[in-house]
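# An overview of the molecular structure
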Amino acid sequence: MRVKVDLDLCQGHSVCLVECPEVFDVVEQDDGYPQVVVLINEPPEELRKKVMSAAMFCPNRVITVED
Amino acid sequence: MSEAAKAGLKRPPIVSGAQAEGGHMPEFEKDYCAFISRAHAECGELAEFDFGGQETILMSGPDAQEVFFRTPDEVFSQAQAYQVMVPVFGPGVIFDASPERCKTQLKIQVDALRYQNMKHYASVIAQEVEDWIADWGDEGEIEILHAFHELTMHTATHCLLGKEFRHSMTEEFFSLYKDLQAGVQAISFVDPYMQQPVFAARDRARERLEEIVSELVARRRASGKEYGDALETFMTGTYKDGSHLTDTELTGLIIATMFAGHHTSSGAGAETLLEIARHPEYAAELKQELDEIYRDGEEISHASMRAIPKLESFINEVLRLHPPLVILMRRVMDDLQYNGYLIEKGKTVAVSIYESHIDPVYFPDPHRFDPHRQEPERMFAYIPFGGGRHKCAGNAFAILQLKAIFSALLRRYDFDLVGPAEDYEDERANMTIRPKDPCILRYKRRTV
């Protein structure tokens with residue numbers, strides 16, 4: 001499983017951080033919206049459910065998961 | 001772009017039928033959905049029209065729309081396209097602020113809409129819905145545009161400005177807000193500063209609102225209490241140098257949040273209830289889903305509303321066919337090449353949410369209401385909240401609010417049309433879509 005984020009779409013809503021803090025952080029930027037940072041690009045299989053929830057509940061559909 | 005490079009590019013085709021006076025504005029004002037569909041059908045992906053003197057290029061289809069949403073502000077400027085809002089929001093606020101201050105203001109606005117605040121809003125909205133239906137009784141008729149206007153007025157002031165304000169100031173706040181809204185209409189795009197009674201009323205309302213907000217802010221600073229609402233987040237937000245928003249900026253941010261969220265949510269709520277009354281077969285599915293989720297007497301909360309898939313799909317379909325905003329605009333700040341065409345500096349580019357949502361490639365049989373539709377895989381085909389860095393930051397709030405309202409309503413009442421289905425049409429005025437006034441439905445308490 002590989003996690004990708006599209007930063008053009010991220011407004012820092014932080015849902016991912018609540019759903020799966022092991023993989024996602026949301027970091028304040030110099031300018032504008034805070035943005036998501038992926039902590040583990042290829043998270044272990046046991047986190048799949050939480051990563052998928054983060055992707056599904058992200059209001060801006062920033063996160064995609066590839067196998 | 002060099003003159004030589006420009007010369008090698010095609011110009012976007014121009015929509016026929018411009019009037020000597022106002023260009024395509026008269027046709028646009030009459031029925032903008034019909035005009036946009038005609039422009040798209042006649043010219044294709046890029047269609048240039050004369051929007052009251054402003055050369056405007058409609059960009060249609062997900063490829064062009066993706067360019068619209070991804071092109072940075074330095075090239076497609078949102079602020080320059082919405083200067084008409086400056087006298088409404090106030091000096092130094094959002095579209096009148098320097099790019100850096102504007103970004104911080106928008107960031108602070110999103111902070112108020114982040115996950116942490118949403119739990120509080122969920123319980124506020126649930127409480128407001130209970131109050132709203134408290135005196136409905138077992139059955140009756142209701143004019144839903146008025147009803148949703150009132151409900152969303154209460155949820156908006158409560159979530160934005162707190163409980164105390166909501167119970168003491170909502171009436172005056174909304175009468176001022178009405179004057180601000182009336183200050184944005186087609187003529188404002190020509191010149192929002194001309195001598196007009198509506199603009200004078202707009203300016204008086206803006207001034208009085210700032211007085212009200214300043215008093216509220218001063219009381220809060222003195223009290224030192226915590227409120228958990230959006231105003232608290234706005235008041236604690238800081239610029240890079242550590243300074244806070246001024247009262248003028250706080251007032252502007254409140255107005256901007258209202259403009260983005262109130263009439264859109266109110267209209268979407270009414271459209272959702274109307275589709276429920278139109279489609280008893282789908283309504284039954286929603287009721288079954290909600291009955292299961294709330295079977296054990298669980299309260300409406302952020303947690304219980306996390307996933308309500310059938311209701312969510314239903315709302316998505318409502319927003320597809322009845323998008324509250326119809327077109328979005330940007331001003332072109334630098335020449336851009338798209339698909340062999342020149343998108344020239346000084347023109348405006350526009351995307352139509354309505355037109356995008358009736359594209360038969362992505363939405364077969366597009367005019368049919370079908371909540372079982374799959375959202376298209378192609379990004380930027382389904383865009384009820386726009387997209388990219390200026391996507392509506394309140395999108396999660398809006399969906400949460402609709403889920404809370406219909407979680408409460410559908411477990412208690414059934415809704416029916418009172419007249420023939422064809423009497424219920426959409427109003428397409430003031431660049432928004434909502435049901436035609438009056439929109440009366442019958443409700444009856446469900447028997448369990």
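What comes next is a walk through the structure. Predicted model only: the values in this text are computed from it and were never measured.

On to the overall build of chain B. Scanning chain B from terminus to terminus reveals 17 helices and 12 strands. Taken over C-alpha atoms, the radius of gyration comes to 22 Å for chain B, in line with the 22 Å a tight globule of 448 residues would show. Taking the principal axes of its C-alpha atoms as reference, chain B extends roughly 75 × 55 × 40 Å. Residues counted as buried form 43% of the 448 residues belonging to chain B. Pairs at least 24 residues apart make up 75% of the contacts formed inside chain B by residues separated by at least 6 positions.

Another aspect to go through is helix α15 (residues 309–321) of chain B. Residues and elements named next belong to chain B. Under the 1.5 Å per step criterion, the end-to-end length of α15 is 19 Å for 13 residues, consistent within 8% with the ideal 18 Å. Buried residues of α15: L311, F314, I315, E317, V318, L319 and R320, and no others. Of the surrounding elements, those touching the buried residues of α15 are α13 (247–278), α14 (280–293) and α17 (395–412).

This paragraph deals with the interface of chain B and chain A. Listed by partner, the interface residues are 13 residues for chain B and 13 residues for chain A. Secondary-structure elements contributing two or more residues to the side of chain B that touches chain A are α7 (99–111) and α17 of chain B. If you tally residues by element for the side of chain B that touches chain A, the top one is α7 of chain B, at 4 residues. Within the side of chain B that touches chain A, the residues separate by chemical class into 4 nonpolar, 2 polar and 7 charged.

A separate point is the sheet that holds strand β5 (residues 327–332) of chain B. All names here are of chain B. What the 5 strands build is an open sheet, ordered β1-β2-β8-β5-β3; its pairing is mixed. Each having just a single partner strand, β1 (46–51) and β3 (76–77) make up the two edges of the open sheet. Summarising the sheet, β3 and β5 pair through 2 bridges and their orientation is antiparallel. Bridging across to β5, S77 finds its partner in R331. Contacts from helix α3 (residues 32–43) reach β1, β2 (54–59) and β8 (348–352), with the element oriented near 135° to β1. With respect to the sheet, helix α4 (residues 62–70) is in contact with β1, β2, β3, β5 and β8, its orientation differing from that of β2 by roughly 125°.

Residues and elements named next belong to chain B. Read across the sheet, 3 strands follow the order β4-β12-β9 without closing on themselves; strand pairing throughout is antiparallel. A strand with exactly one partner marks an edge of an open sheet, and here the two such strands are β4 (139–143) and β9 (413–417). The average undirected angle you get between the axes of adjacent strands in this sheet is 30°. As paired elements, β4 and strand β12 (residues 440–445) share 5 bridges and run antiparallel to each other. From the neighbouring strand, E139 faces β12, where its bridge partner is K444. Of the strands in this sheet, β4 and β12 are in contact with helix α9 (residues 144–161), which crosses β4 at around 80°. In the packing of α13 onto the sheet, contacts are made with β9 and β12, and the angle to β9 comes to roughly 80°.

Let's shift gears to the pairing of strand β2 (residues 24–27) of chain A. Residue and element names in this part refer to chain A. Only one face of β2 is buried: it carries F24 and V26, and the other face, with D25 and V27, is open. Where β2 lies against strand β3 (residues 35–38), 4 bridges are found, and the strand directions are antiparallel. Directly across from F24, in β3, lies its bridge partner V38.

Residues and elements named next belong to chain B. With 6 bridges joining them, β1 and β2 adopt antiparallel strand pairing. Among the inter-strand pairings, F49 is bridged to a residue of β2, identified as T56. Taken together, β1 and the strand that follows it, β2, pair antiparallel across an intervening segment of 2 residues, in which G52 is found at a positive phi of about 55°. Relative to β8, β2 runs parallel, the two being bridged by 3 bridges. Paired with L58 across the two strands is A350, which belongs to β8.

Residue and element names in this part refer to chain B. By secondary structure assignment, the location of T447 is in the segment after β12. Its 6 C-beta neighbours within 10 Å are what place T447 among the exposed residues. T447 sits 71 residues away from P376 along the chain, and the two C-alpha atoms are 38 Å apart.

Among the nonpolar cores identified, the biggest contains 114 residues, and M59, L400 and A404 of chain B are the most heavily contacted of them. The contacts of L400 of chain B, once residues within four sequence positions are left out, are M118, Y121, A122 and M305 of chain B.

Further remarks concern the packing of helix α8 (residues 115–133) of chain B against α17 of chain B. Residue and element names in this part refer to chain B. Where α8 meets α17, the axes come as close as 10 Å, and the angle between the chain directions of the two elements is 35°. Like other packed secondary-structure pairs, α8 and α17 cross with a definite hand, here right-handed. Across the interface between the two elements, M118, Y121, A122, I125, A126, V129, E130 and I133 of α8 pack against A396, F397, L400, Q401, A404, I405, A408 and R412 of α17. Per-class residue counts for the contact of α8 with α17 are 13 nonpolar, 1 polar and 2 charged.

The rules we used
Residues numbered from 1 in each chain as written. Chains lettered and ligands numbered in written order. Predicted model: local features only at pLDDT ≥ 70, side-chain atom pairs only at ≥ 80, totals over all residues. Helix = DSSP H or I, 4+ residues; strand = E, 2+ residues; numbered from the N terminus. Rg over C-alpha atoms; globule rule 2.2 N^0.38 Å. Buried ≥ 20, exposed ≤ 12 C-beta atoms within 10 Å, placed from the backbone. Contact = placed C-beta atoms within 7 Å. Expected span 1.5 Å × (residues − 1). Nonpolar A, V, L, I, M, F, W, Y, C, P; charged D, E, K, R; others polar. Pairing = 2+ DSSP bridges. Axes fitted to C-alpha atoms, helices over the stretch in contact; angles between N-to-C directions. Core = buried A, V, L, I, M, F, W, Y, C linked by C-beta atoms within 7 Å. Left-handed = near helix turned anticlockwise from the far one by under 90°.

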